[in-house]
Amino acid sequence: MYRPSLFGIIPLLLLLATGEASAHAFLDHAEPRVGNKVASPPREVTLWFTQKLEPAFSTMTVTDSAGQRVDTGKTRVSGNQMSIALRPGGSGTYHVTWHVLSVDTHRTDGNFTFQVGQ
Ligand SMILES: [Cu+2]
């Protein structure tokens, strides 16, 4: 016999909460891919978000393993996509930090790394 319980209700609440949160712009994927390793320094970094971005308030920076900025400082935004060109850099761990304002006026930010070289 069926007995309603919290075990049925809690997943439903989580589902509703997640649905609300996904309305903000979160990182969907990136190129180079998050945590991945690439053979040579990429010419640019591109991020794809779960929502369209406001170009004037969306930025990212990229630093190399020495903590030096290797991005050109000019973020390009198109729809839910944001890119930045990189200057030639060395191998090691690169850090990408992003701050975006999505079209629903919510701010989100985050960071990730990828590896360059062996
Ligand atoms: Cu939102």
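Our structure's up above, just so we're on the same page.
### Here's the deal with the coordination of the copper ion
- Distances from the copper ion to its protein donors, namely His24 (ND1), Asp104 (OD) and His106 (ND1), fall within the range 1.7 to 2.0 Å.
- Read in sequence order, the donor residues coordinating the copper ion give the pattern H-x79-D-x1-H. Residue His24 is located in the loop between helix H1 (6–21) and strand E1 (27–31), and its partner Asp104 is located in the loop between strand E7 (92–101) and strand E8 (107–116); the two are separated by 80 residues in the primary sequence.
- The exposure class of His24 is buried, given its relative accessible area of 16%.

### Some thoughts on the nonpolar core
- By size, the foremost hydrophobic cluster in this structure holds 20 residues, and its most contacted members are Val45 and Leu47.
- Sorting the residues of this core by element identifies strand E3 (44–49), strand E4 (59–63), strand E6 (81–86), E7 and E8 as the ones contributing at least two each.
- Ranked by residues supplied to this core, first place goes to E7 with four residues.
- When near neighbours in sequence (up to four residues on either side) are disregarded, Leu47 contacts Leu27, His29, Ala30, Met60, Asn80, Gln81, Met82, Val96, Trp98 and Phe112.

About the cut-offs
- Residues numbered from 1 in each chain as written.
- Predicted model: local features only at pLDDT ≥ 70, side-chain atom pairs only at ≥ 80, totals over all residues.
- Heavy atoms only, no water.
- Donors = N, O, S within 2.8 Å, 3.2 Å for Na, K, Ca; no water.
- Helix = DSSP H or I, 4+ residues; strand = E, 2+ residues; numbered from the N terminus.
- Buried < 20%, exposed > 50% of the residue type's maximum accessible area, 1.4 Å probe, protein only.
- Core = buried A, V, L, I, M, F, W, Y, C linked by side-chain atoms within 4.5 Å.
- Contact = heavy atoms within 4.5 Å.

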